[in-house]
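A look at the structure
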Amino acid sequence: MVSYKDLGLVNTRDMFAKAIKGGYAIPAFNFNNMEQMQAIIQACVEASSPVILQVSAGARKYANQTLLRYMAQGAVEYAKELGKNIPIVLHLDHGNSFELCKSCIDMGFSSVMIDGSHLPYDENVALTKQVVDYAHQHDVTVEGELGVLAGVEDEVSAEHHTYTDPADVIDFVQKTGVDSLAISIGTSHGANKFKPEQCTRNAEGILVPPELRFDILAEIEKKLPGFPIVLHGSSSVPQEYVKIINTHGGALKDAVGIPEEQLRKAAKSAVCKINIDSDGRLAMTAAVRKIFVDQPAEFDPRKYLGPARDELKKLYKHKCENVLGSAGQA
Ligand code: G3H
Ligand code: 13P
Ligand code: ZN
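Residues numbered from 1 in each chain as written. Chains lettered and ligands numbered in written order. Predicted model: local features only at pLDDT ≥ 70, side-chain atom pairs only at ≥ 80, totals over all residues. Heavy atoms only, no water.

**A few points about the site of ligand 2**
Around ligand 2, a shell composed of 17 residues is seen, among which D93, K193, S235, D277 and S278 lie nearest. Note that an oxygen atom of ligand 2 is positioned 3.1 Å from one of the side-chain N or O atoms of H232. For ligand 2, an oxygen atom lies 3.1 Å from a polar atom in the side chain of N275. A total of 310 Å² of accessible area belongs to ligand 2 in isolation, and the protein chains cover 98% of it. Elements with a minimum of two residues in the shell around ligand 2: β3 (88–95) and β12 (271–276). In the shell around ligand 2, the residues fall into 1 nonpolar, 12 polar and 4 charged. (Near = heavy atom within 4 Å. Polar contact = N/O pair within 3.5 Å; in protein donor to acceptor, adjacent residues only side chain to side chain. Areas by Shrake-Rupley, 256 points an atom, 1.4 Å probe, with all protein chains shown as cover. Helix = DSSP H or I, 4+ residues; strand = E, 2+ residues; numbered from the N terminus. Nonpolar A, V, L, I, M, F, W, Y, C, P; charged D, E, K, R; others polar.)

Encoded structure:
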């Protein structure tokens, strides 16, 4: 048993309380490898932002849970070396069983998500409560989810979304004791968040998605004043990256995300954690594709992963400073 406290990590409790009061959201960035971890820490140290490092089931399969935990431990020291002891949470993203959440808690994670959103309501309540009961014995915070996001990813898939029903939220939070609640108000995972027929096109032919359901968010906030709300699937899918990818041999069709102004608006409300993964994938892919086309003789991985890391850092700093409002809050 390793306690996250001995690794220099923190749970989300104080972080979220400050974020709600301050009208900003904490970035939750996924990581699977060293370059992503470096970019996240460099960006958040420079922006002086608290940060949540997220490990998904796919990341555990790809990189190994133990290695990722040691990298997060290293991230705490790395941040100090870069000059700022920012608060860092190590969070399990989309945990799907009690056993997995327990194993992460036992090995030093400071926060876990138990995603029972696809289960019947009573089963979601029972599973979430089981995780909360164990996590709270170790002062680990828990994120639950109500409502289903549309979108398809390796380990996270749902054909159609079901918006969170505000009528359920008080009962869910009271029965489970969760510390934060992920909700479904129109975001979804991946780089194709809306079908083209759900969007309009602007003068340049770029897809403009429908607005998030801020009315549902407002109703949930009214029922749970001051309670931390989480938004998954919050990449904005920057069209400049899509363009670089597609003009350098890529084939991303109809990629569309959540406009940054809408995330800024959400961050000013009770939304205090915003999950971003796909935008980072696009930034790295654009940088790597460009180098492969422009410098075809290059074969040192540091020569394409290094610039990809720099692009990722730039993107994440921008998110902290201009979208989530977390810059300067560490
Ligand atoms: O919510 C999903 C995250 O983007 C992680 O995706 O399961 O492919 O690692 P992944
Ligand atoms: P995106 O696919 O929009 O980046 O969402 C990531 C996410 O929700 C991770 O849990
Ligand atoms: Zn997610």
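**What about the coordination of the zinc ion (ligand 3)?**
The coordination sphere of the zinc ion (ligand 3) contains the protein donors H94 (NE2), H189 (NE2) and H232 (ND1), at a distance range of 2.1 Å. Mapping the donors of the zinc ion (ligand 3) onto the primary sequence yields the spacing H-x94-H-x42-H. Pair noted here: H94 is in strand β3 and H189 is in the loop between β8 (180–183) and β9 (200–201), with a separation of 95 residues, a long-range link. (Donors = N, O, S within 2.8 Å, 3.2 Å for Na, K, Ca; no water.)

**What to know about the environment of L127**
With respect to the element layout, L127 can be found in helix α6 (residues 121–137). For L127 and T12, which are 115 residues apart along the polypeptide, the C-alpha to C-alpha distance reads 20 Å. For L127, the contacting residues outside a window of four places in its chain are F98, I114 and L119. (Contact = heavy atoms within 4.5 Å.)

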